[in-house]
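Secondary and tertiary structure notes
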Amino acid sequence: MGEFKVHRVRFFNYVPSGIRCVAYNNQSNRLAVSRTDGTVEIYNLSANYFQEKFFPGHESRATEALCWAEGQRLFSAGLNGEIMEYDLQALNIKYAMDAFGGPIWSMAASPSGSQLLVGCEDGSVKLFQITPDKIQFERNFDRQKSRILSLSWHPSGTHIAAGSIDYISVFDVKSGSAVHKMIVDRQYMGVSKRKCIVWGVAFLSDGTVISVDSAGKVQFWDSATGTLVKSHLIANADVQSIAVADQEDSFVVGTAEGTVFHFQLVPVTSNSNEKQWVRTKPFQHHTHDVRTVAHSPTALISGGTDTHLVIRPLMEKVEVKNYDAALRKITFPHRCLISCSKKRQLLLFQFAHHLELWRLGSTVATGKNGDTLPLSKNADHLLHLKTKGPENIICSCISPCGSWIAYSTVSRFFLYRLNYEHDNISLKRVSKMPAFLRSALQILFSEDSTKLFVASNQGALHIVQLSGGSFKHLHAFQPQSGTVEAMCLLAVSPDGNWLAASGTSAGVHVYNVKQLKLHCTVPAYNFPVTAMAIAPNTNNLVIAHSDQQIFEYSIPDKQYTDWSRTVQKQGFHHLWLQRDTPITHISFHPKRPMHILLHDAYMFCIIDKSLPLPNDKTLLYNPFPPTNESDVVRRRTAHAFKISKIYKPLLFMDLLDERTLVAVERPLDDIIAQLPPPIKKKKFGT
């Protein structure tokens, strides 16, 4: 594996935004997640829970509701009073429409997917018709006295339930009038509270309305008579969210104490046809409020203030008891927020509204393997670059020479020239950047820092020539006719001749930069690309996919390499395929052409292509046999995968030079320490 000096970096003070809403789409098996900063992420649950798309946040967009309608159309609404639809191909917002009811607290799509219902601050419930290219206001329902915090359709589409403060209303959709008003009990642990907030409602096909409220209760109501049937007190704090399975045989609720409860419809006796709702399983996977829950056919999904997206498979629903039945906790984005200037040993950290530039520390001390060396010079915080306006940064990059910084928001593209004089740094913005570079999804500099490659959300790839303090637009590779698919990942060869680009669903396109034309397209694969890089000298393109498969494709020969074919024939080790975080970065050793360096959030790996691949009987995570063993045993246990799990959670790792690595870690305890305090719970003996 070789010995490296490793810079362990822990000053990337990154804290993910809390999760506000989740919406599951059964048709495509995708999950939409909105965060408190307005960011919306799309996870493909069929592709190893990979975050395949995201829409950057905005300071004025506090998303309170998210839902899928008409199959694959995604809508959101929030406290700015607007309903928005997302373009899932071009990765931008199609339009935003004001509902004219003040802040929107809730939204629900009709069972047919053709109508949209929103609940507003002024107590109005508004019905919109979903047309092929937009939504159209249809009518208002009877206005209520207080804000509408939750909505649910009856599966037949004839009635709706609306949760408010102290009561639940049942509306007839045809007339728009309230049929029943069900008053919620304010009593909480024997004490009357000032008001009871109905945080969530669910309308079942038998007419039962299930409500969850701020008094810690889950209640069952008969919508035909408007009466309370049963009540469960399950928490000492608010029950904030509810989601029901499609079969209506189970539902899940989330509480402000961080607990998720699973309710199931079970027979009263073993041979009885009569069934009742029973609280079966509590799950404590969160430290803070569970703001939102979803129920897929095989799993319970929850998210909240502690920023974790938790996917808990239901063991009775999972057919094969393999790694798919394991609990998933997704904390970090599946894209790179860090870029590196190897020449000047600089790191650029990307946050929502600013960039930080750091120079790594250095040491003159020496030591043996495993020693921690004292710094002779500490890391320097050189630059804090704040964005103007409310938009989040989409992507950023620093050039290998450290003289250029580029970043993009939805409406603007920024390019800065950096000058270094001794310990001073000066910054000059390049003016009049063309408008077509905005909304860039990926920015990349060539190895010699003379070219800038920009992938726009409209599917075009732009090449910009950099010289002195100016720029010149050289060329734009346009998408294939009839497609507007956004390109999310770029890789450029060290000699600057080849550019590889990957979209969200199509294969990887390879362009010849000198001749400015499409060279070839790598055969499409069922799973999305998570990382890719082009090797020096050989110009082999190494591609990692979300199902943990790795391919090596020869760009000059336009075919897979012999090593890649051998790997596909033999297959990867089962423990390698069972990892649950995607590979986010690939690089190469300049002096060892047979080595591929890559990492995910919990391991760093060097693949030595000259060694045999491990089979399922070999220990995958045992690359270093004891030194006192014979050479025969050493050779027998030596295989291509050299894996280190010392650094975690690992957000970035790369070679600075032949003998030096930089590893950027973000311990989860540091993130939790910066979150607001959770609800204090009395523990036995304290």
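Note that the structure is predicted; figures quoted are calculated from it, not measured. (Residues numbered from 1 in each chain as written. Predicted model: local features only at pLDDT ≥ 70, side-chain atom pairs only at ≥ 80, totals over all residues. Heavy atoms only, no water.)

1. Things to note about helix H1 (residues 562–570)
Residues Trp 563, Ser 564 and Val 567 constitute the buried set of H1. Here the buried residues of H1 occupy an arc of 100° about the axis, which is enough to place them on one side. Across H1 from its buried face, at more than 90 degrees, point the exposed residues Asp 562 and Lys 569. Against strand S50 (550–554), strand S51 (559–560), strand S53 (595–599) and strand S54 (604–608) lie the buried residues of H1. (Buried < 20%, exposed > 50% of the residue type's maximum accessible area, 1.4 Å probe, protein only. Helix = DSSP H or I, 4+ residues; strand = E, 2+ residues; numbered from the N terminus. Arc of directions from axis to C-beta. Contact = heavy atoms within 4.5 Å.)

2. Points about the packing of aromatic side chains
One pass over the structure, following the stated rule, counts 22 aromatic pairs. For the pair Tyr 553 and Tyr 560, a centre-to-centre distance of 5.4 Å together with 85° between the ring planes defines the contact as edge-to-face. Over the face of the ring belonging to Phe 54 we find Arg 335, whose NZ or CZ atom lies 3.7 Å from the ring centre. Directly above the ring of Trp 576 sits Arg 579, whose terminal nitrogen or CZ lies 4.0 Å from the centroid. (Phe/Tyr/Trp six-rings, centres within 6.5 Å; stacked < 30°, edge-to-face > 60°. Lys NZ or Arg CZ within 6 Å of the ring centre and 35° of its normal.)

3. Quick word on the nonpolar core
In terms of nonpolar packing, the biggest core is built from 23 residues, with Ile 550, Trp 576, Ile 586, Leu 598, Ile 607 and Phe 641 touching the most fellow members. With near-sequence residues (within four places) excluded, Leu 598 lies in contact with Ile 550, Trp 576, Ile 583, His 585, Ile 586, Met 603, Phe 604, Cys 605 and Ile 607. (Core = buried A, V, L, I, M, F, W, Y, C linked by side-chain atoms within 4.5 Å.)

4. Quick word on the sheet that holds S53
An order of S52-S53-S54-S55 is seen for the four strands of this open sheet, with the pairing classed as antiparallel. Lying at the two open borders of the sheet, with one neighbouring strand each, are strand S52 (585–588) and strand S55 (641–644). The average angle at which neighbouring strand axes cross in this sheet is 20°, direction not considered. The sheet contact formed by S53 and S54 spans five bridges and is antiparallel. (Pairing = 2+ DSSP bridges. Axes fitted to C-alpha atoms, helices over the stretch in contact; angles between N-to-C directions.)

5. Here's the deal with the pairing of strand S23 (residues 227–233)
Sheet topology places strand S22 (residues 217–222) next to S23; six bridges connect them, and they run antiparallel. Bridge pairing links Lys 217 to Leu 233 in S23. Hairpin remark: S22 followed by S23, antiparallel, with four residues in the connecting loop; positive phi at Gly 226, about 75°.

6. Concerning the domain arrangement of the protein
When the parts of a complex come together, some accessible area is lost, and that lost area is often taken as the interface size. Examined at the domain level, the protein breaks down into domain 1 (1–12 + 531–675), domain 2 (19–252), domain 3 (253–330) and domain 4 (335–492). Taken over C-alpha atoms, the centre of domain 3 sits 42 Å from the centre of domain 4. (Domains from an automatic or database assignment.)

7. Considering the pattern of salt bridges
Evaluated as defined, the whole model comprises 15 salt bridges. Two residues, Glu 85 and Lys 94, come together in a salt bridge whose shortest N-O distance is 3.5 Å. The salt bridge partner of Glu 658 is Lys 591, with a shortest N-O separation of 2.7 Å. Within this pair, whereas Glu 658 is found in the loop between strand S56 (650–657) and strand S57 (660–665), its partner Lys 591 is found in the loop between S52 and S53, the two being separated by 67 residues in sequence. The network of salt bridges with common partners includes Arg 8, Arg 10 and Glu 665. (Salt bridge = Lys/Arg side-chain N within 4 Å of Asp/Glu carboxyl O.)

8. Thoughts on unusual backbone geometry
The amide bond that connects Lys 648 to the next residue, Pro 649, takes the cis arrangement and shows omega of -15°. Within the fold, Pro 649 resides in the loop between S55 and S56. Of note, the phi angle at Glu 248 is positive, near 60°, even though the residue is not glycine. Positive phi is not limited to glycine here, since Ser 449 has a value of about 60°. Residue placement: Ser 449 occurs in the loop between strand S40 (440–445) and strand S41 (451–456).

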